[in-house]
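Results of the structural survey
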Amino acid sequence: MAKNKKHLNAAALLEEARLQQGALKQLRAWQRNAMVASSCGVVLAWWGLTGGRTRLVLGIAGMLIMILGILCAAVIGLGIRNGRRNVEQLLRAAQAKEKPAFCKPTA
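Residues numbered from 1 in each chain as written. Predicted model: local features only at pLDDT ≥ 70, side-chain atom pairs only at ≥ 80, totals over all residues. Heavy atoms only, no water.

1. Quick notes on the pattern of salt bridges
- As enumerated under the stated definition, the model contains two salt bridges in all.
- Across the pair R18 and E15 runs a salt bridge, and its minimum N-O distance is 2.6 Å. Of this pair, R18 and E15 both sit in helix α1 (residues 10-49), separated by three residues, roughly a single helical turn.
- Under the relative-accessibility criterion, R18 is labelled partly exposed at 49%.
- Look at E15 and you get partly exposed, because its relative accessible area is 34%.
- Residue E88 is joined to R92 by a salt bridge in which the shortest nitrogen-to-oxygen separation is 3.9 Å. One end of the pair is E88 and the other is R92, both in helix α2 (residues 56-98) and four residues apart, which spans about a single turn.
- The partly exposed category is assigned to E88, whose relative accessible area is 44%. (Salt bridge = Lys/Arg side-chain N within 4 Å of Asp/Glu carboxyl O. Helix = DSSP H or I, 4+ residues; strand = E, 2+ residues; numbered from the N terminus. Buried < 20%, exposed > 50% of the residue type's maximum accessible area, 1.4 Å probe, protein only.)

As structure tokens, then:
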């Protein structure tokens with residue numbers, strides 16, 4: 001939406017917050033998928049590294065999957081944290097715009 005939230009009315013801010021909450025829900029699903037991939041990588045790495053030479057390649061691939069899964073989950077988690085902060089700011093801005101005129105301080 002718009003970069004400057006001062007020019008948006010309360011309804012537009014609430015709609016933007018609702019849309020961003022939906023996006024956060026999708027990000028949580030992707031984070032869960034990254035953690036599942038990481039867990040599968042751990043199992044594959046353990047299986048591959050405890051076996052013979054032929055399974056060593058799968059063990060190395062499992063370690064790479066594990067590392068990539070952890071990194072993806074961490075980056076997505078950072079996005080979720082920042083997204084939650086943004087939604088809170090949007091809701092605070094919408095609440096401030098909805099206050100009646102008699103509640104606003106005079107200069």
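From this point, the narrative continues.
2. Things to note about a nonpolar patch on the surface
- A cluster of nonpolar residues, L49, L56, I60, M63 and L64, forms a patch on the protein surface that exposes about 430 Å² of accessible area.
- Per-element tally for the nonpolar patch: the top contributor is α2, with four residues.
- Note that I60 resides in helix α2.
- Residue classification places I60 among the partly exposed residues on the basis of a relative accessible area of 41%. (Patch = residues over 30% accessible without salt bridge, like charges linked within 9 Å, V, L, I, M, F, W, Y side chains within 5 Å. Areas by Shrake-Rupley, 256 points an atom, 1.4 Å probe, with all protein chains shown as cover.)

Function-wise, these values are silent; they only describe arrangement.
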